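Survey of secondary and tertiary structure
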Number of protein chains: 4
Amino acid sequence: MIIVLKPETAAAMQAKLVAQFGSKTELFTHHNRIAIQDIQPADLPADVVAAADDLITDVPAAVQSSRLLHPENTIIKTPHSVIGGDQFVMMAGPCSVESADHVMAMAKVAKQGGATVVRGGAFKPRTSPYSFQGLGEAGLQALRAAADANDLDMITEVMDDEHVPMVAKYTDIFQIGARNMQNFSLLKAVGRTQIPVALKRGMSATIDDVLNAAEYIAAGGNHQIMLLERGIRTFDHKYTRNTFDLGAVPVLQKLTHYPVIVDPSHAVGEWDLVTPMAMAGVASGASGMIVEIHDRPAEALSDGPQALKPKTYLKMAQQAFQLHDLMTSWN
Amino acid sequence: MIIVLKPETAAAMQAKLVAQFGSKTELFTHHNRIAIQDIQPADLPADVVAAADDLITDVPAAVQSSRLLHPENTIIKTPHSVIGGDQFVMMAGPCSVESADHVMAMAKVAKQGGATVVRGGAFKPRTSPYSFQGLGEAGLQALRAAADANDLDMITEVMDDEHVPMVAKYTDIFQIGARNMQNFSLLKAVGRTQIPVALKRGMSATIDDVLNAAEYIAAGGNHQIMLLERGIRTFDHKYTRNTFDLGAVPVLQKLTHYPVIVDPSHAVGEWDLVTPMAMAGVASGASGMIVEIHDRPAEALSDGPQALKPKTYLKMAQQAFQLHDLMTSWN
Amino acid sequence: MIIVLKPETAAAMQAKLVAQFGSKTELFTHHNRIAIQDIQPADLPADVVAAADDLITDVPAAVQSSRLLHPENTIIKTPHSVIGGDQFVMMAGPCSVESADHVMAMAKVAKQGGATVVRGGAFKPRTSPYSFQGLGEAGLQALRAAADANDLDMITEVMDDEHVPMVAKYTDIFQIGARNMQNFSLLKAVGRTQIPVALKRGMSATIDDVLNAAEYIAAGGNHQIMLLERGIRTFDHKYTRNTFDLGAVPVLQKLTHYPVIVDPSHAVGEWDLVTPMAMAGVASGASGMIVEIHDRPAEALSDGPQALKPKTYLKMAQQAFQLHDLMTSWN
Amino acid sequence: MIIVLKPETAAAMQAKLVAQFGSKTELFTHHNRIAIQDIQPADLPADVVAAADDLITDVPAAVQSSRLLHPENTIIKTPHSVIGGDQFVMMAGPCSVESADHVMAMAKVAKQGGATVVRGGAFKPRTSPYSFQGLGEAGLQALRAAADANDLDMITEVMDDEHVPMVAKYTDIFQIGARNMQNFSLLKAVGRTQIPVALKRGMSATIDDVLNAAEYIAAGGNHQIMLLERGIRTFDHKYTRNTFDLGAVPVLQKLTHYPVIVDPSHAVGEWDLVTPMAMAGVASGASGMIVEIHDRPAEALSDGPQALKPKTYLKMAQQAFQLHDLMTSWN
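Here the structure is a predicted model, which is why all the values come from computation and not from measurement. (Residues numbered from 1 in each chain as written. Chains lettered and ligands numbered in written order. Predicted model: local features only at pLDDT ≥ 70, side-chain atom pairs only at ≥ 80, totals over all residues. Heavy atoms only, no water.)

**Examining the overall build of chain A**
Helices and strands together make up the secondary structure of chain A, namely 11 helices and 14 strands. Counting 27 positive and 35 negative side-chain charges, chain A places the averaged centre of each group 4 Å from the other. (Helix = DSSP H or I, 4+ residues; strand = E, 2+ residues; numbered from the N terminus. Lys, Arg positive; Asp, Glu negative; His and termini not counted. Charge placed at Lys NZ, Arg CZ, Asp CG, Glu CD.)

Right under this line is the structure:
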């Protein structure tokens, strides 16, 4: 249950409820609201009921992630980006960090297109154990250097709770991959940091699954969460790698306060489909985009077919910002 | 196999191939191209091979629908619309024709928002036999009158091959519903007319299934076909009725010459998600949109929850045209 | 709502309810039960409430198909088979009727394996318009002759409401194909006959969709319905054509009184997987099986890869009956 | 590529190939076979080609898991079970270890039904962070004691690579849960042990995904792998939690040498559907079953609705063994 208290008495009533129920059940407060698990309206003290503007009983398990407890948007501030606000955030870079020089060159291209975040994988979750598994810590160092040289934020995937402290030394944003969306040990580990987390939707994760996974991070005390729609697995994957579920963007925005970012590269898996899907992603109302770029896709160590060449990326990015500007004019 | 002939000798070579193979297999010609089933390059006369610019051997079953045979876009002209050209076509109206007065009022709203086509169902494919099944021919008459009074084209669903002649008396465009996408008798029946057909993708139809269904219409001699993406059935349908597969738009445009139209109303099934998905549909590059409107959604005889009220529709339509104008400026 | 009346006063109370509500809403009676749409318990006369053993308010739309109205199993009797009773019914034959001789030979094999029904398609719903479409009425005649010569019942697909009278002249059981499961005109047409109907589950039909499709047939007055599980479309179709959803067997048996038949051939699409899936189908509790056989699968005009050769079929059938016997011993 | 060598010269040729290619690429030998990555037949020495019975060039990435390299079945021997041989292995127990007494009582029931392995979760991967997360090491100790007291093997889930050494102290078989099927750090960690691993198929894992995940374990040197089919996520989950994909059983048996076990409890999620699906699982040819039991399902700390009560379990298990006996008589 969530109790919406009148602002003037909220603090007192929250304190009273914490004192009465805090030892027995989970409680979460946010401004003039308080969520209490396993308690019914009939269990509440009469003065709390009297002080309430609303008693919401149909509350999801992922209560801290819900707009019912936290109605206003979460806005995440990193050194060079504001994610979830009025700006559209561009994140770009190679799928994998392949070398210090290469990622430096790609970061420069990313910046040129208006990106404020550079991406690149140093630890790669590959389907086969015999595929390239990433450069590890050397990759993190190279990506950090590329970010710094171009005044960009850095986002990179962490695959394992044991790696969280090491990755934390370098990155501005943790990325949790689709295959790890319900790796609860990893979610708990990043939840114990105060570094923003970009949580990718799992291949067959429902909207509720995504929110519950985010809740694992929030439950640890880290509320700097953004959600990435990257396509889901459906019956049709002959011409696209996944099915880009753009309906998830407004659905998530209705249910949760976390910013929603779209990943058209993984969603379709073919570079010539990325631009139209990137435009569709902007038009769906997302707060930003993460996109893969590579100067020689045929030689990429991973996911070459979906990478945009610099020239295509620059045109796409320009269009994306124009489209976002048009949408801003509608508000 | 498709043989791309040099333009100057194309006609002669096509005639030769028809004479040689026409009695044994299916042949289709288009400009300087000819498709022959079950024939290998080694079976071709030497002068045909010499006269060919290209021999394409990896050809889909739906050959008339393929860009390999028909590289340029199909453009469909109805009295008030050009579908598949540079314009973005708006189709709007109620889910069902509920009464002559109501559909007249809705057609007026549709027109006001820039629609050139009014939609409305007179025969309704309902999941339950006890649900409202449509007004039948009276519904067709009412929709025709509403279209004429507002200088609009009319689109309406035909559910049954026996109804094709009756519906043909009234409509400018046949709609084939998702549940009937592989009702081959119906596809053959509309394929024998020369009335444009809007073919809705089935709930679990792959891209290839859609193209093969279109081919049934083309095989009958009707090439005025447009394809409607209306959402597919996936594992997640708690918050949206279907999953809007916008990746299908550029994929279809790459494979086939038929115009692609998006149906955000059925895709999401909830009115407050329709506008963002309509914008995403425009941004994906579709040639038009079909959208449901109703002045009193709560009283609608079918699909009320997904209908836009007139005011919301008018704003959405204005934004859609602005977005399409911006995209046109990029070409 | 369904009202379960005390047997002794059921007839009188049903008559009373029909008189009171029959002109306003749909009513269905079955033994001592009556279903009334759109009526609440509070609307009922007091003596009806007093005469009721139970008032069931959570009733599905497909009410005539529900065990709530019709608790006992439907048992369908055809000249040589009892479907839905204690026996396990084997239906076998070629995918398509290819010639009179061939189907005669296959019917003999079917019979030898214990089948009481021979299958074969004369009208084939093929994905491509250029694939073999069936022999039409000549195929029906050949299949009828093969059935009669071997004292078997005949099952064959009807694809079109216009064909219902013609197919009715020959067949003992109509088959409605997966692609036509929601071809409501066709469902209504077979619903107006008294010939048993085998309704195949659509590729992405939910359990409720299946029951509502059956209800279209029942609503026409034909209650001789059996349901065929033939695999659904999921994300994985590299090694099997469809995903055999055997969980649907006990689920349907819980919800509806119609017999459930399994179709392992279409479910997997590869002959060497058919025997294990046929065994699994028997073990799941199905009332029968429909399976495709062919003496020269490589030359079959349709679906050769999934056909069992006679020797494999005979062994599989023997095992199926042994397995069913074992299961009968458990009751 | 896989080279099948004549047995008499296999060792010499393998040594030669290792010497020539071992420093450049991955090689795996098994009896008279050798797999070499990224090498074409033309690259082979002439005497190797001469000594080969077969050169297989269409080889999957998961080469060690493939029957092409390892044609005979893997048979896993634990203290009380032989998994993958002629016997059918029953694994039963509560979803979670709830207390030492409870798991002791359930182990006794499991044994009574013919189980040789007792299951129970001490670390529970729950969708919500606020759900019961398991007893941890105390749960492992209780389960070990229950196994020992009943002469049973123990299987329990390990969720995290950091926990592998601790769980290894207690368990006979590691279970990797569906959500962790592509937690590659965890797969590598259990791959470094010599304890058998039961790998659950992920919710939307294709057959190839399963085999590649198994390959991560094999690549570490642990070849004691069994695969668990536990249902996949599809469009229909109203009446069953997942869709039990029994077609995966013979498909996996064709492609890989690892034993395949079925988990009807998670597949359907409703206790009254478990027995028919368990029978179907046996009939599909699985080497064993894992099933959840609980004496008071309504009070279970997790997954109560799918647990069989002892009496139902005992009847189901008896039937399962009878069914397996019948099937054995067919070979």
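**Quick word on the side chain of Gln319 of chain D**
Mapped onto the elements of the fold, Gln319 of chain D is located in helix 11 (residues 310–330). Judged by its relative accessible area of 8%, Gln319 of chain D is buried. What Gln319 of chain D contacts, discounting residues up to four positions off in sequence, is Trp330 of chain C together with Thr275 and Met279 of chain D. (Buried < 20%, exposed > 50% of the residue type's maximum accessible area, 1.4 Å probe, protein only. Contact = heavy atoms within 4.5 Å.)

**Here's the deal with the domain arrangement of chain A**
In terms of domain boundaries, chain A breaks down into domain 1 (2–56) and domain 2 (76–330). Centre-to-centre separation of domain 1 of chain A and domain 2 of chain A, based on C-alpha positions: 38 Å. (Domains from an automatic or database assignment.)

**Overview of the interface of chain C and chain A**
Contact with chain C, which involves four residues of that partner, is made by four residues of chain A. Contact between chain C and chain A buries roughly 330 Å² in total, counting both sides, with carbon and sulfur atoms accounting for 67%. Broken down residue by residue, the surface that chain C buries against chain A is led by Arg233, Phe235 and His237 of chain C, which jointly contribute 94%. One can count zero salt bridges joining chain C with chain A. Where chain C meets chain A, there are two residue pairs in polar contact (both at pLDDT 80 or more). Grouping the constituent residues of the side of chain C that touches chain A by class yields one nonpolar, two polar and one charged. (Buried area = accessible area lost by both parts, 1.4 Å probe. Salt bridge = Lys/Arg side-chain N within 4 Å of Asp/Glu carboxyl O. Polar contact = N/O pair within 3.5 Å; in protein donor to acceptor, adjacent residues only side chain to side chain. Nonpolar A, V, L, I, M, F, W, Y, C, P; charged D, E, K, R; others polar.)

**As for the relation of the copies chain B and chain A**
With an axial shift of 0.0 Å and an RMSD of 0.0 Å, the rotation relating chain B to chain A amounts to 180°. Taken together, the rotation and translation relating the two chain copies correspond to the operation of a two-fold axis. Considering only C-alpha atoms, the part of chain B nearest the rotation axis is Ala280 of chain B, at 2.1 Å. Both copies present the same face, since 100% of the interface residues in chain B are matched by interface residues at the equivalent positions in chain A. (Least-squares fit on C-alpha atoms with pLDDT ≥ 70 in both.)

**Describing the sheet that holds strand 9 (residues 153–157) of chain D**
Within a sheet, neighbouring strands are paired by backbone hydrogen bonds and run either parallel or antiparallel to one another. Residue and element names in this part refer to chain D. Overall, parallel pairing links the eight strands, which are arranged 7-8-9-10-11-12-13-14 in a closed barrel. Neighbouring strand axes in the sheet, compared pairwise and without regard to direction, differ in orientation by 25° on average. Where strand 8 (residues 117–119) lies against strand 9, three bridges are found, and the strand directions are parallel. Its bridge partner being in strand 9, Val117 is matched across the sheet by Asp153. This element, helix 8 (residues 248–255), spans strand 12 (225–229) and strand 13 (260–262) of the sheet and lies at about 165° to strand 13. Relative to strand 7 (residues 89–93), helix 11 is tilted by about 170°, and along the sheet it contacts strand 7 and strand 14 (288–292). (Pairing = 2+ DSSP bridges. Axes fitted to C-alpha atoms, helices over the stretch in contact; angles between N-to-C directions.)

**Some thoughts on helix 7 (residues 207–219) of chain B**
Residue and element names in this part refer to chain B. Taking 1.5 Å of rise per residue, 13 residues should cover 18 Å, and helix 7 covers 18 Å from first to last C-alpha, within 8% of that figure. Within helix 7 the residues assigned to the buried category are Ile207, Asp209, Val210, Leu211, Asn212, Ala213, Ala214, Glu215, Tyr216, Ile217 and Ala218. On the buried face of helix 7, the contacting elements are helix 6 (184–191), strand 11 (197–200), strand 12 (225–229) and helix 8 (248–255). Trailing helix 7 by a residue or two, Gly221 shows a phi angle of about 110°, which is positive. (Expected span 1.5 Å × (residues − 1).)

**Quick notes on helix 1 (residues 10–21) of chain B**
Residues and elements named next belong to chain B. Taking 1.5 Å of rise per residue, the 12 residues of helix 1 would be expected to cover 16 Å, and the 16 Å separating its terminal C-alpha atoms lies within 8% of that figure. Of the residues making up helix 1, those classed as buried are Ala10, Met13, Gln14, Leu17 and Phe21. The buried residues of helix 1 occupy one face: seen down the axis, they fall within an arc of 100°. The exposed set on the far side of helix 1, more than 90 degrees from its buried face, consists of Ala11, Ala12 and Ala19. Against strand 1 (2–5), strand 2 (27–30), strand 3 (33–36) and helix 2 (46–50) lie the buried residues of helix 1. (Arc of directions from axis to C-beta.)

**Structural notes on the confidence of the model for chain A**
Looking at chain A as a whole, its pLDDT mean stands at 97, while 100% of the residues score no less than 70. If you check the scores for this complex, the pTM reads 0.97 and the ipTM reads 0.97. (pLDDT = per-residue confidence, 0-100.)

**What about the environment of Lys108 of chain A?**
Turning to its location among the elements, Lys108 of chain A is positioned in helix 3 (residues 100–112). Considered as a pair, Lys108 of chain A and Ala147 of chain A are 39 residues apart in the sequence and their alpha carbons are 8.8 Å apart.

**A look at the interface of chain B and chain A**
Accessible area lost upon the coming together of the parts is a frequently used measure of interface size. Across the contact, 38 residues belong to chain B and 38 residues belong to chain A. Buried surface at the junction of chain B and chain A, summed over both partners, amounts to about 3,200 Å²; 69% is from carbon and sulfur atoms. A per-residue breakdown of the area chain B buries against chain A is headed by Phe235, Tyr239 and Trp330 of chain B, which together make up 22% of the total. Put simply, chain B and chain A have six salt bridges between them.

**Regarding the packing of aromatic side chains**
A full pass over the atoms with the stated rule returns 12 aromatic pairs over all chains. Taking 5.4 Å as the distance between ring centres and 45° as the angle between the ring planes, the aromatic pair formed by Phe28 of chain A and Tyr130 of chain D counts as tilted. Of this pair, Phe28 of chain A sits in strand 2 (residues 27–30) while Tyr130 of chain D is found in the loop between strand 8 and helix 4 (137–149), placing the two residues in two different chains. As far as the burial class goes, Phe28 of chain A and Tyr130 of chain D line up, both buried. (Phe/Tyr/Trp six-rings, centres within 6.5 Å; stacked < 30°, edge-to-face > 60°.)

**Things to note about the pairing of strand 9 (residues 153–157) of chain A**
Residues and elements named next belong to chain A. Summarising burial for strand 9: five of the five residues are buried, a large majority. Residues of strand 9 alternate between two faces, with Asp153, Ile155 and Glu157 on one and Met154 and Thr156 on the opposite face, all of them buried. Each parallel crossover has a hand, and the one from strand 8 (residues 117–119) via helix 4 (residues 137–149) to strand 9 is right-handed. Inspection of the sheet shows strand 9 paired to strand 10 (residues 173–176) by three bridges, in the parallel sense. By the bridge assignment for strand 10, Glu157 is matched with Gln175. (Right-handed = clockwise from strand over helix to strand, strands pointing away.)

**Quick word on the side chain of His294 of chain D**
All names here are of chain D. Structurally, the position occupied by His294 is in the loop between strand 14 and helix 11. At 3.1 Å, the side chain of His294 forms a polar contact with the side chain of Glu98. Of the polar contacts made by the side chain of His294, one reaches the backbone nitrogen of Arg296; its length is 3.0 Å. Apart from the residues within four sequence positions on either side, His294 is in contact with Glu98, His102, Met106, Ala300, Ala307, Leu308, Lys309 and Pro310.

**Concerning the UniProt feature "domain: DAHP synthetase I/KDSA" (unreviewed entry) in chain A**
Within this structure's numbering, the places UniProt gives as "domain: DAHP synthetase I/KDSA" (unreviewed entry) are residues 80–324 of chain A. Along residues 80–324 of chain A, the helical share is 38% and the strand share 15%, with 19 Å between the first and last C-alpha atoms. (UniProt positions renumbered as here; feature names shortened; annotations may be inferred.)

**What about the nonpolar core?**
Core analysis: the largest hydrophobic core is formed by 320 residues, its most contacted members being Tyr313 of chain A, Tyr313 of chain B, Tyr313 of chain C together with Tyr313 of chain D. In this structure Tyr313 of chain D touches Met90, Ala92, Val109, Ala110, Gly113, Gly114, Ala115, Val291, Ile293 and Leu308 of chain D, once residues within four positions along its chain are discounted. (Core = buried A, V, L, I, M, F, W, Y, C linked by side-chain atoms within 4.5 Å.)

**Section: the sheet that holds strand 1 of chain B**
Residues and elements named next belong to chain B. One open sheet accounts for four strands, arranged 2-3-1-4; its pairing is antiparallel. On the outer flanks of this sheet lie strand 2 and strand 4 (52–56), each paired with one strand and no other. Taking the axes of each pair of neighbouring strands and ignoring which way they run, one obtains an average angle of 15° across the sheet. Here strand 1 runs beside strand 4; their pairing, made up of four bridges, is antiparallel. In the strand pairing of strand 4, Ile2 is matched with Ile56. Along the sheet, helix 1 makes contact with strand 1, strand 2 and strand 3, crossing strand 3 at roughly 15°.

**Let's talk about the environment of Glu98 of chain C**
All names here are of chain C. By the element assignment, Glu98 lies in the loop between strand 7 (89–93) and helix 3 (100–112). In this structure Glu98 comes out as buried when scored by relative accessible area, which is 17%. Separated by 18 residues in the primary sequence, Glu98 and Thr116 have C-alpha atoms spaced 21 Å apart. Those residues in contact with Glu98 that sit more than four places away from it in its chain are Leu135, His294, Glu299, Ala300, Leu301 and Ser302. Only 2.9 Å separates the side chain of Glu98 from the backbone nitrogen of Leu301, close enough to count as a polar contact.

**What about the environment of Asp295 of chain D?**
All names here are of chain D. Along the chain, Asp295 falls in the loop between strand 14 and helix 11. With a relative accessible area of 29%, Asp295 lands in the partly exposed category. A sequence separation of 270 residues divides Asp295 from Thr25, and the C-alpha atoms of the two residues are 54 Å apart. With residues near it in sequence (within four places) discarded, Asp295 still touches His102, Met106, Lys309 and Pro310.

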